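Listed here are the chains, written in short residue letters.
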Amino acid sequence: MEPLLQRLNQAGAAVADWFTSPQFYGQAAIVVGAWLLAIVVAGALRGRLKPPQKLEIPGGLGDAAPSLAKARTLLFPATLALFMGAAVEVSQSLAGQIGVARLALGLSVVYFIHAFITGFIGNRLIVRLVNLIGVPIALLHVFGWLDDVTAYLDGVSISVGNIRFSLYVLARTVIFGAILFWFGRISNSTGKRVIRSQPDLDSRTREIVAKLFEIALFVVFFLLLLQIMGISLTTLAVFGGAVGVGLGFGLQQIASNFISGIIILLDKSITIGDFIELEDGRSGRLRELSMRSATLETYDGKDIMVPNETFITSSFTNWTHYNEKQRYSLNFSVAYKTDLPALFDIVREVVASHPKVLSGDAVPAAEQPDAEIDSFGDSGVNILVEFWMEGVDDGENRVGADLLLMIWMALKQHDIEMPFPQREVAIVGGAARAGGPGDAGN
């Protein structure tokens, strides 16, 4: 017990001597001076570097002003880390010790990392990984312990054939894999947005280039992840030959959808924005065409996920691919006593007055609003109305419902009767007589 107490007393005395030594106060003064200098320099830079209200980046990358405003908040953390790094060198030269300066440098690096991830990274998983793993790694590097920890983790390993796995490889794969996943997703979305915003390319070419870019990016990041894991590409080639047969059978549906997506983009049968009706009656506007499926957005707020193979192996109706103009029809009935020629003129005038119906001298005769007899019904004459319009008669273009109301109001204004089902009963051989159960014997 006494040797332990003696050691503790000696350690406490050494710490007290160090805290009262000139070297400690010299380092503390250098650190405080670096901190004050960082405040002054960062304040001066912040006053001079004021981001504009709006700054459009060429190529469809969007507005850079919000990013510049966020980068402006990093001036003090970056300046502080820079001056603390200089403080370590100054402490080594003047005080002969760097313990306090190195501790301040580590804290400033942690402060900079925290400010960066909270300002620029919105993914919570990446933020947690950086806080739990990235910050300790930065501290180990600052204090010079990273190589020792890495060597210890690399020593704990197992081997499977020619492939060696260790705790260091596992940690490196998790850290850099998460970073690659985050960076790959951002690169994919940014790259496709830039490609799709090029006015020199038509919509089909933009989709083809965007899909090829997505495939190339996936392959590049997959190969980088294999290199991080320490797996040789030669080993991957041998392994891929063995697994290829299994993938051919197990993933043939995925491969079929992928190849179908490429064919769809090349044969130009559908493109983004087309209104498509499937064979089973479901319909919607094509909003997205991915590597596996197409997304049809309906007018009632639903998304229909259609495998790409469906557009190759089954029939479908593309309403708006080459021509936005569509013909629609309406049906109603009028009484047999109606003056049909006058009715037709009224209906044509009413239909042509709708702003979304194609009419006027510039419209061909075949596309002018028309009204005609469809058939003779039991209670009245069935009238057929045909009209042309641009777009699909649904969603914001609910033209058919408007026209029915307008026709009904016009018929009511001109006292034109719309019949209801009725029957005529003729009694042969005498007058009608009501009878009941008591009349059976009469």
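See above for the structure.
Keep in mind the model is a prediction, meaning the values are calculated, not measured.

Novice: Residues and numbers for the overall build of the chain, please.
Specialist: Within the chain one finds 14 helices and 12 strands. In the chain, which comprises 442 residues, the proportion classed as buried is 30%. Long-range contacts, defined here as pairs at least 24 residues apart, represent 61% of the contacts in the chain between residues at least 6 apart. Only carbon and sulfur atoms are counted for the fraction: they give 63% of the accessible area of the chain, which is about 27,700 Å².

Novice: Residue-level account of the nonpolar core, with values.
Specialist: What tends to happen in soluble globular proteins is that the nonpolar side chains get buried as a cluster. Membership of the largest hydrophobic core comes to 26 residues, with the highest contact counts inside it found for V334, I383, V385, F387 and I407. For this core, the elements supplying multiple residues, two or more each, are β10 (325-334), α13 (340-352), β12 (381-390) and α14 (399-413). Ranked by residue count, the leading element in this core is α13, at seven residues. Beyond its immediate chain neighbours, meaning those up to four positions away, I383 contacts L330, N331, F332, V334, L340, L343, F344, E372 and D374. Counting 16 residues, the second largest nonpolar core, distinct from the first, contains F24, L80, V88 and A104.

Novice: Lay out the sheet that holds strand β11 (residues 370-376) in plain terms, naming residues and giving numbers.
Specialist: Spatially, β10-β12-β11 is the arrangement adopted by the three strands of the open sheet, whose pairing is antiparallel. Since the sheet does not close on itself, it has two edges, and those belong to β10 and β11, each with one partner. For this sheet, the mean inter-axis angle between neighbouring strands, taken without regard to orientation, is 30°. Of the pairings in the sheet, the one linking β10 to β12 comprises 10 bridges and is antiparallel in character. Bridging across to β12, Q326 finds its partner in M389. Of the strands in this sheet, β10 and β12 are in contact with α14, which crosses β10 at around 35°.

Novice: Tell me what's going on with the sheet that holds strand β5 (residues 275-277), and back it up with residues and numbers.
Specialist: Taken in spatial order, the five strands make up an open sheet running β8-β7-β6-β5-β9, and their pairing is antiparallel. Every interior strand has two partners, whereas the edge strands, β8 (303-307) and β9 (317-318), have only one. Two strands pair when backbone bridges link them, and β5 and strand β6 (residues 283-289) are joined in this way by three bridges, in the antiparallel orientation. Bridged to E277 within β6 is S283.

Novice: Now, about the packing of helix α2 (residues 22-48) against helix α5 (residues 99-120): what can you tell me, with residues and values included?
Specialist: As a packed pair, α2 and α5 sit with axes 8 Å apart at the nearest point and diverge in direction by 30°. The orientation of α2 relative to α5 falls into the category roughly parallel. Contacts between α2 and α5 involve F24, Q27, A28 and V31 from the former and G99, V100, A101 and A104 from the latter.

Novice: Any chance you could break down the pattern of salt bridges for me, citing the residues and the numbers?
Specialist: Should the charged atoms of two oppositely charged side chains come close, the side chains can pair. According to the stated counting rule, one finds nine salt bridges in the structure shown. Among the ionic pairs, K302 bridges to D300, the shortest N-O distance being 3.4 Å.

Novice: Any details on the packing of aromatic side chains? Residues and values, ideally.
Specialist: Following the criterion strictly, the structure yields six aromatic pairs and no others. Here W319 and Y328 contribute two aromatic rings whose centre-to-centre distance is 6.3 Å and whose plane-to-plane angle is 25°, an arrangement assigned as stacked. Classification of W319 as partly exposed rests on a relative accessible area of 25%. Between the aromatic rings of Y336 and F376, the centroid separation amounts to 6.5 Å while the plane-to-plane angle is 10°, which identifies the pairing as stacked. Linking Y336 in the loop between β10 and α13 with F376 in strand β11, this pair joins segments that are 40 residues apart in sequence. Cluster of aromatic residues (ring-pair linked, three or more members): F275, Y299, W319, Y328 and F387.

What counts and what doesn't
- Residues take numbers from 1 onward in each chain, read along the sequence in its written order.
- In keeping with the model being predicted, local features are shown solely for residues with a pLDDT of at least 70 and side-chain atom pairs are shown and tallied solely at 80 or more, while totals for entire chains, interfaces and linings include all residues.
- Side-chain figures throughout are based on the complete set of non-hydrogen atoms in the structure, without hydrogens or water.
- Only runs of H or I of at least four residues qualify as helices and only runs of E of at least two qualify as strands under DSSP, and these elements are numbered from the N terminus.
- For each residue, the accessible area found with a 1.4 Å probe, counting protein chains only, is set against the maximum for its type, and the residue is called buried under 20%, exposed over 50%, and partly exposed in between.
- Contacts are residue-level and defined by heavy atoms, with any inter-residue pair within 4.5 Å sufficient.
- Using a 1.4 Å probe, the Shrake-Rupley method yields the accessible areas, and only the shown protein chains count as cover for residues.
- In these notes, a set of buried Ala, Val, Leu, Ile, Met, Phe, Trp, Tyr and Cys residues joined through side-chain atoms within 4.5 Å is what counts as a nonpolar core.
- Pairing between strands requires that DSSP locate at least two bridges from one strand to the other.
- In this analysis, axes come from line fits to C-alpha atoms, helices being fitted only over the stretch in contact, and the angle between any two N-to-C directions falls in the range 0 to 180 degrees.
- Geometric relationships in this document are graded by angle, where less than 35 degrees denotes roughly parallel, more than 145 denotes roughly antiparallel, 65 to 115 denotes roughly perpendicular, and other angles denote oblique.
- One speaks of a salt bridge when a side-chain nitrogen belonging to Lys or Arg is within 4 Å of a carboxyl oxygen belonging to Asp or Glu.
- Pairs were defined over the aromatic rings of Phe, Tyr and Trp, the Trp ring being its six-membered one, requiring ring centres within 6.5 Å. Orientation was assigned from the angle between planes: stacked under 30 degrees, edge-to-face over 60, tilted for the rest.

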